[in-house]
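# A structural walkthrough
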Amino acid sequence: MRPYEIEVFDREYNFRGNALIDPADFQYEYDFVSLVKNTLVLNPSPLTVRETGTGTAGDMTIALSDLIVIDGEGFRVYGIVTKLETVENALTVTYTDPIALFNHEVLVPADEIKHTSIEAYIKKLLDAAFVNNSDTLQVIPGLTTQTKTTTYGIFDYNDTTEVYVVINLLKDLIFPAFNKYLIGVFFDLNIDSKTLTAKIGRRLNYRTLTLEADLPNVIDTNIIIRQSNNDANKLTLVDTADYAMTEYNFYLHSDYTWNSTDSDRLLPVFNDVYSFDSDLITEDRFWASAKYAISIAEKYININRDLTTEEKGMLEEACSELQPYLPSVKTSAQWTAYFNNIQNQIVSVLMAYRAPFTDYAYERVANYSDLQEEGTGHYCVVYGNADPYFRYDVRTAKGTTSGLDANNVPGSRYPSGESGWETITENGTALYNTNTHVDLHISTTMTIYIILNGYGTDITTYKYNLNIYTPVTANDYTTAINNYKQSAAYAAKFALYKTANFNAILNGYARGLFGQARYKNLIELTVTRDDTLVQPLRIPMSRPVDIIHEGVTYKSILTGFSLLKNGLCKLIFGLIRVELTKILNMKGV
Amino acid sequence: MDVLPSNVDKTEINSSLGMDIGIELTPLTMWYRTISASAEADRVQIISDSVNESPCILTFSGLTVTNDSVVWSQLVDGSSFMTGKLNEMTVAATDKIVVRTDTNPYRIYQRIGSTNTGVYQHSDFETKRFPFIQKGVNEFRVSGATSVSVEGKILYETV
């Protein structure tokens, strides 16, 4: 078997040195919801310990806080060096998963998480602590964060009477987010681009894998059951914005489903009570949801294939807050329609909610629903600005100026440059993808296009029925927004949104409490690392797995693994409590 | 096979048979056979009949690049197996780039005249880079090279 390749990089991803390790000597343990330290021994070690200084590239040294990457056959693991010990020629390196970098305490307003999604909240705190921290030594080089899904919920510290609380990012937020809501922080390391991307979200849409624990290739099966009968089976929610203090109850039923129907209850009753504030379903949040939905949607518009299950799931998650407006999505064609629907439904809301990032906003001057066919003298206007979802670009067909009233295009903006569609420039600088504000007076006879996320060649694809706007002053903008907010159309949209989200929040709290994902119990399966049937190192963390053992199916998810010394791999699965309880009942335990 | 003598026994000198000396050898490697191939082209082929993958030395020259990338690849029986890349390299046509997996640790260096300079740090660390000869027809390609050679110890299982 080929040795595993070890490479060492400093904090800035500069290469330091490399070494080999015999696979038979390599052990590794990974647990998604706890901090694990791993060690490896290089004997003799080609790497020497760098005590001081920054060293030079390729100097075959290793130091604390360096990044160590182990490339095995078909898998790659990495960590941050936390301890180095040299005994004669042997070097023992201790390292932890990068998640350990988030073992950090911060002061936060106790109910802040109710204002935003859990993923966005994790991102915000990680960004503040490790990306934008004014103490540059605390900044993790190359770290970027991304939210992949949107989930609302609560944590225990949200119900404290304190206004501010100190929380540990790992123990009070990231690990509980996984335990309660299956929201994980998944890393993506790219040495070449010197980036460590933390992707925050739920991987709900993996297909369930089925493993038979009784097959001969499974060397060892270990099922650890922790019995518990005092978990809450009734949830009471009180809306603090409701002076009547209406209670919303959810019940866990004997088949371990849950809803608000008061029947088929579990005994004895354990009742958890939480409060929440429906006034937090704000217009800002509406705006943020719409922006988020569009940002996800942009990736998939006009793709020439059916979406994968995972992609559909991601879109549906992203758009979940806008569900009242939206149909379900199955194919790319439906998706395009779906996207158009979002666009049409919310464009007016978005336009009214353009943050004052320019001195200008747009006043609607006409409803323009008669789109002309693409042809000469037509203009393509992309609304946008520094905000990536609304890029502002002005283009015109090459060589034609008819229809463009030059007097209505302030500044020196002329067609020039590339073939096909041309970019209007300002002082030689292309306006698209810049932060420059363009106040173009639009003729009501123009064809208006919206191009999202770039400048596609098939321009007709992007046509929308839109209202036409002309620039107004900041005061006009404020007035326009206020007027819009008072309109019946806006009230109807926001009411729809608010109702839907009120229910979504209630359901989110219930889901968090009753736990699709309380993995208190464990199943461990041991197979060889290169087992071709199970392929243990190819199963992504948090993938749902049905494990069949002695005729019983255990619903579980992968939460960790260990590479054992003798070429074996132990897979560690968390087991869903309610499913397990059901199994125990079946067995008469 | 590389071996290390671990024990030597001798008998007393016998008038008719002389003296017997028994030497125990400890194997340091599997049985192997050294093979090599070279071509004055941008690619070279080498065939292995062993099911074990074998470490090797890949050497190429003839590249002229300035602050640009150097890319090599390995195909096994016509299918892509591995790609390696160095970034921001400056290489003269007479220089040799050597990628070795027969050493511990692996090495990537540039030979200018008779001087070897390590260039491992130029790696595109997202590429696999390291050549191992597989069973079948192995083809090593280096875009822009005029000479490519490969030398490997083909390892055999024995019982």
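What comes next is a walk through the structure.

The rules we used
- Residues numbered from 1 in each chain as written.
- Chains lettered and ligands numbered in written order.
- Predicted model: local features only at pLDDT ≥ 70, side-chain atom pairs only at ≥ 80, totals over all residues.
- Heavy atoms only, no water.
- Helix = DSSP H or I, 4+ residues; strand = E, 2+ residues; numbered from the N terminus.
- Buried < 20%, exposed > 50% of the residue type's maximum accessible area, 1.4 Å probe, protein only.
- Contact = heavy atoms within 4.5 Å.
- Areas by Shrake-Rupley, 256 points an atom, 1.4 Å probe, with all protein chains shown as cover.
- Pairing = 2+ DSSP bridges.
- Axes fitted to C-alpha atoms, helices over the stretch in contact; angles between N-to-C directions.
- Buried area = accessible area lost by both parts, 1.4 Å probe.
- Salt bridge = Lys/Arg side-chain N within 4 Å of Asp/Glu carboxyl O.
- Polar contact = N/O pair within 3.5 Å; in protein donor to acceptor, adjacent residues only side chain to side chain.
- Nonpolar A, V, L, I, M, F, W, Y, C, P; charged D, E, K, R; others polar.

## A short note on the overall build of chain A
- When helices and strands are tallied, chain A shows eight helices and 31 strands.
- Residues counted as buried form 51% of the 589 residues belonging to chain A.
- Contacts in chain A between residues at least 24 apart in sequence constitute 68% of all its contacts with a sequence separation of at least 6.
- Accessible surface computed for chain A: about 26600 Å², of which carbon and sulfur atoms make up 48%.

## Re the sheet that holds strand S8 (residues 75-87) of chain A
All names here are of chain A.
- The sheet built from six strands is open, its strands ordered S2-S1-S7-S8-S9-S4 with antiparallel pairing. Here the strands that pair on one side only, and so sit at the sheet edges, are strand S2 (15-21) and strand S4 (37-42). On average, adjacent strands in this sheet sit at an angle of 35 degrees to one another, irrespective of strand direction.
- As paired strands, S8 and strand S9 (residues 90-96) are joined by seven bridges and run antiparallel to one another. Pairing of Val 81 across the sheet is with Tyr 95, part of S9.

## What to know about the interface of chain B and chain A
- The partner chain A presents 19 residues to the 17 residues of chain B that form the contact.
- Taking both partners together, chain B and chain A bury about 1400 Å²; carbon and sulfur atoms supply 51% of that area.
- Interface area lost by chain B to chain A is led by B:Tyr106, B:Phe125 and B:Glu126, which between them contribute 39%.
- Among the salt bridges present, the one from A:Glu7 reaches B:Arg129, with a minimum N-O distance of 2.9 Å.
- On the surface where chain B and chain A come into contact, there are nine residue pairs in polar contact (both at pLDDT 80 or more).
- Grouping the constituent residues of the side of chain B that touches chain A by class yields seven nonpolar, six polar and four charged.

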